[in-house]
Amino acid sequence: MKIAILSRNPRLYSTRRLVEAGEARGHEMVVLDTLHCYMNINSREPSMHYQGNALHGFDAVIPRIGASITFYGTAVLRQFEMLGVYPLNESVAISRSRDKLRSMQLLSRKGIGMPITGFAHSPDDIPDLIQMVGGAPLVIKLLEGTQGIGVVLAETRKAAESVIEAFMGLKANIMVQEFIKEAGGADIRCFVVGDRVVAAMKRQAAEGEFRSNLHRGGTAKLVKISPEERSTAVRAARTMGLNVAGVDILRSNHGPVVMEVNSSPGIQGIEEATGIDVASKIMMFIEKTARTHNTRTRGQG
Ligand code: ADP
Ligand code: MG
């Protein structure tokens, strides 16, 4: 197959590993810089262009779209979908997963465990909002943050009130969440491919920190997950419409709760922590499922 990887940088570990795994399995792998793909949108013969040439003959596209270029990146992916190229993850699903609140609402509709989450617009509603999620300590999150930036733990009701008020004053979109203290600063990253968790790692926050993000100094190691955790992760990915996802779960007193579902999960951390060849699992999935015009939404919606 001829497979495109949408990535800003061919030297990134995840991009390199996908190229390596694809080539080892006999595919032609082409890395395209997402921001240098440009498109001709018309009703007769839409096309995708790159460095002065129209692109042809791709069977599948692997989107690795960073949060900072979601808008342009999903437009590029949508164009590929309209041309009939099979997307590993669909543009619509990626857009969905980038909005934490929307994701939570979708997961809630399917009855998937999650921390109690509140959302409000008016400062007048702050006291009730805090009470609704069980009072302090609680977690306050920017809707579009990543890598732990924009996630704040408010230890007291007073602190929670002033932080929420400050964010609202800045017109930042935030949600408020029950703090899962018993997780002890650890979360489980389940790497989902298709309907399976192919690898899972436990990330432990650095001393004195509650955020387990590796970018915040967290450390990762292989973990054995329970059948309930496994099915929660797979259902969460399916609910978002993602074939490949990094589902982050906290171990709470009331079972596994999903914190977020990432549509471009990093491959380095999980491969290093588990020793599992995740890149090849992704390639095998593409071989099994890629068909032209096999997009559920064809870029609609
Ligand atoms: P980001 O997208 O920035 O990674 P997350 O929602 O994943 O944001 O939060 C970052 C980290 O903060 C998580 O990996 C987890 O360790 C911690 N965390 C987030 N929400 C909660 C919560 N409700 N209770 C306990 N810890 C949390
Ligand atoms: Mg996270």
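Residues numbered from 1 in each chain as written. Chains lettered and ligands numbered in written order. Predicted model: local features only at pLDDT ≥ 70, side-chain atom pairs only at ≥ 80, totals over all residues. Heavy atoms only, no water.

Visitor: What is the right way to look at the packing of helix α4 (residues 100-109) against helix α7 (residues 227-240) in this model?
Guide: At a closest axis distance of 10 Å, the pairing of α4 and α7 adopts a crossing angle of 115°. For the pair α4 and α7, the sense of crossing is right-handed. Judged by residue contacts, Ser103, Leu106 and Leu107 of α4 engage Ala236, Thr239 and Met240 from α7. Of the residues assigned to the contact of α4 with α7, the class counts are 4 nonpolar, 2 polar and no charged. (Axes fitted to C-alpha atoms, helices over the stretch in contact; angles between N-to-C directions. Helix = DSSP H or I, 4+ residues; strand = E, 2+ residues; numbered from the N terminus. Left-handed = near helix turned anticlockwise from the far one by under 90°. Contact = heavy atoms within 4.5 Å. Nonpolar A, V, L, I, M, F, W, Y, C, P; charged D, E, K, R; others polar.)

Visitor: Teacher, can you tell me more about the pairing of strand β1 (residues 2-6) here?
Guide: When you tally the buried positions in β1, you get 4 out of 5 residues, the bulk of the element. By the bridge criterion, 5 bridges tie β1 to strand β2 (residues 28-32) in an arrangement that is parallel. Its bridge partner being in β2, Ile3 is matched across the sheet by Met29. Each parallel crossover has a hand, and the one from β1 via helix α1 (residues 13-24) to β2 is right-handed. In terms of strand pairing, β1 meets strand β6 (residues 60-63) through 4 bridges, oriented parallel. Paired with Ile3 across the two strands is Ala60, which belongs to β6. (Buried < 20%, exposed > 50% of the residue type's maximum accessible area, 1.4 Å probe, protein only. Pairing = 2+ DSSP bridges. Right-handed = clockwise from strand over helix to strand, strands pointing away.)

Visitor: Honestly, the pairing of strand β11 (residues 174-178) in this entry has me stumped. Any pointers?
Guide: Consecutive side chains along a regular strand alternate between the two faces of the sheet. β11 sits mainly inside the fold: 5 of its 5 residues count as buried. Pairing analysis gives 2 bridges linking strand β8 (residues 117-118) to β11, with the strands arranged antiparallel. Pairing of Gly118 across the sheet is with Val176, part of β11.

Visitor: Looking at this structure, how should I read the packing of aromatic side chains?
Guide: In this description, a pair of aromatic rings is defined by centroid distance and the angle of the planes. Evaluation of the coordinates by the stated rule reveals 2 aromatic pairs. Considering the side-chain rings of Phe58 and Phe80, the 6.5 Å spacing of their centres and the 80° angle between planes classify their relative orientation as edge-to-face. Residue Phe58 is located in the loop between β5 (53-54) and β6, and its partner Phe80 is located in helix α2 (residues 70-82); the two are separated by 22 residues in the primary sequence. By the burial criterion, Phe58 is buried, and Phe80 matches it. Each ring, one from Phe179 and one from Phe210, has its centre 5.9 Å from the other, and the planes form 85°; the classification is edge-to-face. Of this pair, Phe179 sits in the loop between β11 and β12 (186-193) while Phe210 sits in the loop between β13 (196-204) and β14 (219-222); the two residues are 31 residues apart in sequence, bridging distant segments of the chain. Geometry around Phe58 places Lys2 over its ring, the cationic atom sitting 4.6 Å from the centre. (Phe/Tyr/Trp six-rings, centres within 6.5 Å; stacked < 30°, edge-to-face > 60°. Lys NZ or Arg CZ within 6 Å of the ring centre and 35° of its normal.)

Visitor: Just checking my understanding: could you explain the nonpolar core for this structure?
Guide: Most often, soluble globular proteins keep nonpolar side chains buried together rather than apart. Within the largest apolar cluster, 43 residues are counted, with the highest numbers of intra-cluster contacts made by Phe80, Val247 and Val261. In terms of residue count, the dominant contributor to this core is α7 (5 residues). When near neighbours in sequence (up to four residues on either side) are disregarded, Val261 contacts Ser97, Leu107, Ala236, Ala237, Met240, Leu242, Ala245, Gly246 and Val247. Ile3, Ile62, Ala199 and Phe285 belong to the second-largest nonpolar core, a separate cluster that totals 26 residues. (Core = buried A, V, L, I, M, F, W, Y, C linked by side-chain atoms within 4.5 Å.)

Visitor: What should I look at first to understand the environment of Glu228 in this one?
Guide: Residue position: Glu228 is located in helix α7. C-alpha separation for the pair Glu228 and Tyr72, spaced 156 residues apart in sequence, amounts to 37 Å.

Visitor: Would you explain the sheet that holds β5 in this entry?
Guide: Taken in spatial order, the 3 strands line up as β3-β4-β5 in an open sheet, and their pairing is antiparallel. The open sheet terminates on both sides in strands that have one partner only, identified here as β3 (37-40) and β5. By the bridge criterion, 4 bridges tie β3 to strand β4 (residues 47-50) in an arrangement that is antiparallel. Looking at the pairing, Cys37 lines up with Tyr50 of β4. Here α2 sits on the sheet and contacts β3 and β4; the angle it forms with β3, its principal contact strand, is near 55°.

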